[in-house]
Amino acid sequence: MRASLIQIAVNEGESVEARRRRAASSVRDRAGAADLVVLPELWTTGAFAFEEFGTAAEPLRGPTYEAMAKAASDAGVWLHAGSVPERDRDGTLYNTSLVFSPDGDLAAAYRKIHRFGFDKGEAVLMGAGRDLVTVRLPETTLGVATCYDLRFPELFRGLVDAGAETFVVPAGWPERRRSHWTLLARARAVENQAFVLACATAGTHAGVPQAGHSIVVDPWGEVLAQAGADEEVLTVEFDPAKVARTREQFPALKDRVLGVEVPRR
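Fair warning: this is a prediction, and the values are worked out from it, not measured in the lab. (Residues numbered from 1 in each chain as written. Predicted model: local features only at pLDDT ≥ 70, side-chain atom pairs only at ≥ 80, totals over all residues. Heavy atoms only, no water.)

Q: Is there a simple way to think about the sheet that holds strand β7 (residues 141-144) in this case?
A: Taking strand neighbours across the sheet as the criterion, the six strands line up as β6-β7-β8-β9-β12-β13 in an open arrangement whose pairing is mixed. This sheet does not close on itself; its edge strands, each paired only once, are β6 (134-136) and β13 (223-226). Averaged over all neighbouring strand pairs, the angle between strand axes comes to 15°, with direction disregarded. Looking at chain direction, strand β8 (residues 166-171) and strand β9 (residues 195-200) are connected through six bridges and run parallel. Residue pairing across strands places Val169 opposite Ala198, the latter belonging to β9. Relative to β8, helix α5 (residues 153-161) is tilted by about 140°, and along the sheet it contacts β6, β7 and β8. (Pairing = 2+ DSSP bridges. Helix = DSSP H or I, 4+ residues; strand = E, 2+ residues; numbered from the N terminus. Axes fitted to C-alpha atoms, helices over the stretch in contact; angles between N-to-C directions. Contact = heavy atoms within 4.5 Å.)

Q: In this structure, what is going on with unusual backbone geometry? I would like to understand it.
A: Outside of glycine, negative phi angles account for most residues, and trans bonds account for most peptide bonds. Positive phi, close to 45°, is recorded for Leu42, a residue that is not glycine. Turning to its location among the elements, Leu42 is positioned in the loop between β2 (36-38) and α2 (50-56). Located in the positive-phi region is Cys147, a residue other than glycine, with phi close to 45°. In this fold, Cys147 is placed in the loop between β7 and α5. Of the residues examined, Cys147 reaches a relative accessible area of 7% and is grouped as buried. (Buried < 20%, exposed > 50% of the residue type's maximum accessible area, 1.4 Å probe, protein only.)

Q: Explain the side chain of Gln210 here, please?
A: Looking at the secondary structure, you find Gln210 in the loop between β11 (208-209) and β12 (215-217). Reaching out from Gln210, the side chain makes a polar contact with the backbone nitrogen of Trp173 at a distance of 3.5 Å. Discounting residues that sit within four places of it in the chain, Gln210 has contacts with Phe48, Gly172, Trp173, Pro174, Glu175, Thr201, Ala202, Gly203, Thr204 and His205. (Polar contact = N/O pair within 3.5 Å; in protein donor to acceptor, adjacent residues only side chain to side chain.)

Q: Help me understand the environment of Glu175 in this model?
A: Here Glu175 shows up in the loop between β8 and α6 (178-192). Taking the relative accessible area as the measure of exposure, Glu175 reaches 31% and is therefore partly exposed. Between the C-alpha atom of Glu175 and that of Pro209, which follows or precedes it by 34 residues, the distance is 5.6 Å. Beyond its immediate sequence surroundings of up to four residues, Glu175 is in contact with Pro209, Gln210 and Ala211.

Q: Honestly, the pattern of salt bridges in this entry has me stumped. Any pointers?
A: In the structure shown here, the tally under the stated rule is 19 salt bridges. Residue Asp35 is joined to Arg2 by a salt bridge in which the shortest nitrogen-to-oxygen separation is 3.7 Å. With Asp35 in the loop between α1 (16-28) and β2 and Arg2 in strand β1 (residues 2-7), this residue pair connects regions lying 33 residues apart in the sequence. Residue classification places Asp35 among the partly exposed residues on the basis of a relative accessible area of 23%. For the salt bridge of Glu122 with Lys112, the shortest nitrogen-to-oxygen distance reads 3.1 Å. Taken together, the positions of Glu122 in helix α4 (residues 122-125) and Lys112 in the loop between β5 (106-111) and α4 put the pair ten residues apart, joining distant regions of the chain. An identical accessibility class is assigned to Glu122 and Lys112; each is buried. (Salt bridge = Lys/Arg side-chain N within 4 Å of Asp/Glu carboxyl O.)

Structure representation (structure tokens):
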């Protein structure tokens with residue numbers, strides 16, 4: 001299976017519509033080169049551009065939905081379109097990920113459960129999701145998480161219990177904590193014996209330099225590929241069957257004693 005992680009730079013002063021066109025073009029460029037394409041978190045605004053969340057928020061089936069559905073269909077790829085600020089009918093904002101099939105149909109939507117910011121930013125501006133989301137592809141089952149979720153291992157255990165074999169994690173991760181980004185991606189892969197495809201943004205969001213360094217990790221914690229700091233497309237070929245082989249050869253998950261109760265859809 002081939003995956004392309006599109007490490008977009010959210011350029012200052014660029015309109016949301018221009019970002020949509022650029023992202024859609026990048027997805028279409030992956031036609032024939034990838035089976036799965038991944039975009040980063042909040043690439044229409046920038047993850048730290050808090051003041052833009054409200055003005056750029058759109059309904060689930062809004063302009064970004066339409067643009068990404070068409071891009072997935074045009075390219076004939078599975079597309080994890082990163083996340084966008086979603087405004088629900090009741091006015092609540094959510095950090096919502098969209099996953100499309102190669103036909104352009106919505107395969108899943110995931111509202112980020114763990115909101116970053118403590119007492120400001122996303123944590124106070126957006127509502128929290130409640131449901132775990134998995135997506136069945138012909139080759140593997142995706143477990144969907146977003147950025148700050150990476151710090152909460154119980155979410156990933158819940159995704160494993162729901163059948164996940166490959167975690168897809170779009171992010172807008174700050175450069176100052178880049179060492180955590182790599183460490184946590186590898187930890188989630190090792191402890192769950194799963195692939196991790198973690199796609200981050202490049203550039204600077206509202207004065208916050210972004211980590212970049214999108215990364216693909218195998219079930220043994222080995223880094224298969226990693227991007228640099230700048231805008232880049234990271235493409236890697238991996239064997240989804242390695243998950244089952246790893247879990248059979250080293251059946252640590254069978255020795256779990258403590259469980260967690262996490263809502264799932």
